Amino acid sequence: MPHIDPEELSLLALYGDWLDEEGRQHLSGCDACSAEYAALRRAVDAMKTTPDSSTLEVPGPSVWSGIHRELGLSDAIREDPLGSAAGSAAGTESSKPGINGPTEPEPEQPAAPPADIRSVKKRPQGWQRRGTWLAVAAAGALVIAGATLWNINQAATPLARAELSPLAQHTATGSATVLESPDGTRTLEVKLSKEEAQGYQEVWLIGTDLTRLISLGIMKSDSGTFPLPADLNLADFPIVDVSDEPLDGNPGHSSVSIVRGSLTS
């Protein structure tokens with residue numbers, strides 16, 4: 001016999017005598033169904049239990065006075081809002097019955113079970129509802145596939161790349177990649193193996209004549225992404241340079257390059 005449907009276990013926990021003989025035999029011998037039924041039964045018992053509020057105490061007026069003072073509240077609400085509750089609580093305490101007085105009222109019993117029991121018992125088991133879950137899984141797969149295709153279409157396209165080699169006394173290496181977004185904007189992505197600047201790193205594009213330079217900005221770590229001017233012809237400025245710039249207030253190139261390389265498509 002397959003496991004008992006969770007709905008039937010819930011009804012059993014609520015109303016007691018619900019399963020047929022075959023179901024009772026399965027419940028007595030199945031650890032999984034017994035554990036689930038025990039958990040449901042504990043939840044039902046907890047709902048039926050009437051909380052004991054007899055030991056709760058109403059805070060005195062000094063508590064509200066302290067709260068009022070600390071929060072700087074207005075005089076309009078200076079009166080203790082629980083003052084009337086304290087009075088009623090005292091009255092209730094004095095009128096409590098003795099040991100032989102009336103007992104606590106019985107907790108309310110759950111409503112009667114559904115009239116048409118057969119209609120509930122004939123609901124399909126979890127394994128019989130696999131068609132629904134397969135449909136949900138297929139829909140989820142389509143959503144994921146669509147999102148993946150959208151991300152692929154939105155990904156930037158590499159246009160050119162340069163391998164950056166160390167210059168002079170430096171040992172860092174790296175790469176520079178020109179990326180074009182779907183909207184046509186271009187960026188230069190620079191990555192170095194480490195930082196070697198004594199001052200700060202600045203990224204440049206240098207012309208083929210080695211005299212014209214365009215500063216793209218300061219790189220504060222071993223990588224950075226820099227927007228390229230829309231009208232820039234990379235064929236005129238194919239050399240990527242990362243320089244070591246001193247804090248001397250001079251905006252020009254320091255003539256100390258850490259790495260350099262030429263862009264190729």
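Before any of the text, the structure's been laid out above.
Residues numbered from 1 in each chain as written. Predicted model: local features only at pLDDT ≥ 70, side-chain atom pairs only at ≥ 80, totals over all residues. Heavy atoms only, no water.

**Q** Got a sec to walk through helix H4 (residues 61-71)? Specific residues and values, please.
**A** Turning to H4, its buried residues are Trp64, Gly66 and His68. Looking at the residues trailing H4, positive phi occurs at glycine 72, about 65°. (Buried < 20%, exposed > 50% of the residue type's maximum accessible area, 1.4 Å probe, protein only. Helix = DSSP H or I, 4+ residues; strand = E, 2+ residues; numbered from the N terminus.)

**Q** Now, about a nonpolar patch on the surface: what can you tell me, with residues and values included?
**A** A cluster of nonpolar side chains, namely Val63, Ile67 and Leu71, defines an oily patch on the protein surface of about 270 Å² accessible area. With respect to the helices and strands, the residue leucine 71 is situated in helix H4. You can call leucine 71 exposed: its relative accessible area is 60%. (Patch = residues over 30% accessible without salt bridge, like charges linked within 9 Å, V, L, I, M, F, W, Y side chains within 5 Å. Areas by Shrake-Rupley, 256 points an atom, 1.4 Å probe, with all protein chains shown as cover. Salt bridge = Lys/Arg side-chain N within 4 Å of Asp/Glu carboxyl O.)

**Q** Before we move on, could you go through unusual backbone geometry and cite the residues and values that matter?
**A** Phi angles above zero are rare outside glycine, and alanine 168 is one such case at about 50°. Here alanine 168 lies in the loop between strand E1 (157-166) and strand E2 (174-180). Here the phi dihedral of serine 255 falls at roughly 70°; this positive angle occurs in a residue that is not glycine. Tracing the chain through its elements places serine 255 in the loop between strand E7 (239-245) and strand E8 (257-262).

**Q** I'd like a description of the environment of leucine 232, backed by residues and values.
**A** Relative to the helices and strands, leucine 232 resides in the loop between strand E6 (223-227) and E7. For leucine 232, a relative accessible area of 10% corresponds to the buried category. Through-space distance from the C-alpha of leucine 232 to that of isoleucine 214 is 10.0 Å; in sequence the pair is 18 residues apart. Setting aside residues up to four positions removed in sequence, leucine 232 forms contacts with Arg186, Leu205, Ile214 and Phe237. (Contact = heavy atoms within 4.5 Å.)

**Q** Give a description of the sheet that holds strand E3 (residues 186-192) that names residues and reports values.
**A** As summarised here, the arrangement of the 8 strands in space is E5-E4-E7-E8-E1-E2-E3-E6, forming an open sheet in which the pairing is antiparallel. The sheet is open, and its two borders are formed by strand E5 (213-219) and E6, each paired with just one other strand. Each strand of the sheet is rotated relative to its neighbour by a mean of 20°, with strand direction disregarded. Both E1 and E8 contribute to a ladder of 2 bridges, which runs antiparallel. (Pairing = 2+ DSSP bridges. Axes fitted to C-alpha atoms, helices over the stretch in contact; angles between N-to-C directions.)

**Q** Explain the nonpolar core to me, using residue names and the numbers behind them.
**A** Counting 23 residues, the largest nonpolar core has Leu164, Leu188, Val190, Val203, Leu205 and Leu228 as the members making the most contacts within it. Discounting chain neighbours no more than four positions away, the residues touching valine 203 are Leu188, Val190, Ile214, Ser215, Leu216, Gly217, Met219, Phe226, Asp241 and Val242. Membership of the second largest hydrophobic core comes to 6 residues, among which are Ile4, Leu9, Leu12 and Leu27. (Core = buried A, V, L, I, M, F, W, Y, C linked by side-chain atoms within 4.5 Å.)

**Q** Lay out the pairing of E7 with the relevant residues and their values.
**A** Of all 7 residues in E7, 7 are buried, a share of seventy percent or more. Residues of E7 alternate between two faces, with Ile239, Asp241, Ser243 and Glu245 on one and Val240, Val242 and Asp244 on the opposite face, all of them buried. Pairing of strand E4 (residues 200-206) with E7, which is carried by 7 bridges, proceeds in the antiparallel orientation. Each residue of the ladder has a partner; that of isoleucine 206, found in E7, is isoleucine 239. Direction of pairing for E7 relative to E8: antiparallel, over a ladder of 5 bridges. Its bridge partner being in E8, serine 243 is matched across the sheet by serine 257.

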